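# Structural characterization, general
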Amino acid sequence: MSRNAKNVADENPFRRASNGNMFNDYENDAIDPRVQLELESLNVATDAINKLEVELDDGRAAFRQVLTESTQKLNTLSKKLGSCIEKARPYYEARLKAREAQRETQKAAVGFERASSMHAAAIEMVTLSEQGMAKQGGKFEPTWQEMLNHATAKVNQAELEKSLSEDEHKHKSRAYNEAEQQVKQLQKQLKSAIVKSR
């Protein structure tokens, strides 16, 4: 082997690693403080993740326990009450539907009241604009005319919204009344099953 070939072989890091020299070189190197900080930060984050995983496992175990107990209680109640629960189910579903219809009716009523208020305010604006124009005595004042046009447009828009919200309120009220009638009818038909299911 020539002298140059020997020097290249000595510089080969894999060759040095087999002698152990490369690892000795790394042991003597100091760790950059930034790397040390990042490693500590990583350790803290790893500890936090581990704690959260333990909490998650505990939460899942508690959930499974509660689910199992609830299922057992429901099965016990179902056996105890027999078929009266299934017989009374339409009544309870109708009550839920009636409650939702009532909420929708109330929401529609609020919308109608808001539209009515906007309509009244728009009419008041037209009245004030007309009064302002009348005070000008016959002189054409573009500002008052523009205000009157704007107020008239607001009245038309408010009338449309009031009409639409009134129709919606009537529709929702009718649906609520029908749902309430259904509840009363089912309550009469399924009275004994409802009493037993409670």
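Reading guide: rules and limits
- Residues numbered from 1 in each chain as written.
- Predicted model: local features only at pLDDT ≥ 70, side-chain atom pairs only at ≥ 80, totals over all residues.
- Heavy atoms only, no water.
- Core = buried A, V, L, I, M, F, W, Y, C linked by side-chain atoms within 4.5 Å.
- Buried < 20%, exposed > 50% of the residue type's maximum accessible area, 1.4 Å probe, protein only.
- Helix = DSSP H or I, 4+ residues; strand = E, 2+ residues; numbered from the N terminus.
- Phe/Tyr/Trp six-rings, centres within 6.5 Å; stacked < 30°, edge-to-face > 60°.
- Contact = heavy atoms within 4.5 Å.
- Expected span 1.5 Å × (residues − 1).
- Axes fitted to C-alpha atoms, helices over the stretch in contact; angles between N-to-C directions.
- Parallel < 35°, antiparallel > 145°, perpendicular 65-115°, else oblique.
- Left-handed = near helix turned anticlockwise from the far one by under 90°.
- Nonpolar A, V, L, I, M, F, W, Y, C, P; charged D, E, K, R; others polar.
- Patch = residues over 30% accessible without salt bridge, like charges linked within 9 Å, V, L, I, M, F, W, Y side chains within 5 Å.
- Areas by Shrake-Rupley, 256 points an atom, 1.4 Å probe, with all protein chains shown as cover.
- Salt bridge = Lys/Arg side-chain N within 4 Å of Asp/Glu carboxyl O.
- Lys, Arg positive; Asp, Glu negative; His and termini not counted.
- Charge placed at Lys NZ, Arg CZ, Asp CG, Glu CD.

### Looking at the nonpolar core
Core analysis: the biggest nonpolar cluster contains 13 residues, and Tyr-91, Val-183, Leu-186, Leu-190 and Ile-194 have the highest contact counts within it. Counting only elements with at least two residues in this core, the list comes to α5 (84-135), α6 (142-189) and α7 (191-197). For this core, the element with the highest residue contribution is α5, accounting for six residues. One finds Ala-122, Val-126, Leu-148 and Ala-158 within the second-largest nonpolar core, a separate group that totals six residues.

### Examining the environment of Met-133
The residue Met-133 is located in helix α5 in this model. On the basis of relative accessibility, which here comes to 25%, the residue Met-133 falls in the partly exposed class. For Met-133 and Thr-143, which are ten residues apart along the polypeptide, the C-alpha to C-alpha distance reads 9.3 Å.

### Some details on the packing of aromatic side chains
Within this structure, the stated rule accounts for one aromatic pair. Judged by centre distance (5.1 Å) and plane angle (70 degrees), the rings of Tyr-91 and Tyr-92 are edge-to-face. Here Tyr-92 falls in the partly exposed class, since its relative accessible area comes to 27%.

### Remarks on the side chain of His-119
Residue placement: His-119 occurs in helix α5. In contact with His-119, not counting residues within four places along its chain, are Val-155, Ala-158, Glu-159 and Lys-162.

### A closer look at helix α4 (residues 33-81)
Between its terminal C-alpha atoms α4 stretches 71 Å, which fits the 72 Å expected from 49 residues at 1.5 Å a residue. Downstream of α4 by one or two residues, Gly-82 has phi in the positive range, about 65 degrees.

### What about the packing of α5 against α6?
Viewed as axis vectors pointing N to C, α5 and α6 meet at an angle of 160 degrees, and their least axial separation amounts to 6 Å. Considering their axes alone, α5 and α6 lie roughly antiparallel with respect to each other. The crossing of α5 and α6 is left-handed. Here the residues of the contact of α5 with α6 are counted per class, giving 27 nonpolar, 15 polar and eleven charged.

### A closer look at a negative patch on the surface
Together, Glu-53, Glu-55, Asp-57 and Asp-58 give the surface a local cluster of negative charge. Looking at the secondary structure, you find Glu-55 in helix α4.

### As for the pattern of salt bridges
Under the criterion given, the structure shown has six salt bridges. When the shortest N-O distance is used, the salt bridge between Arg-89 and Glu-86 registers 2.7 Å. Of the two residues, Arg-89 and Glu-86 both sit in helix α5, three residues apart, roughly one turn of that helix. Using a relative accessible area of 38% as the deciding quantity, one classes Arg-89 as partly exposed. Between Lys-172 and Glu-104 there is a salt bridge, with the nearest N and O atoms lying 3.6 Å from each other. Here the residue Lys-172 occupies a position in helix α6, and Glu-104 occupies one in helix α5, the gap between them amounting to 68 residues. One salt-bridge network, in which partners are shared between bridges, spans Glu-104, Lys-107 and Lys-172.

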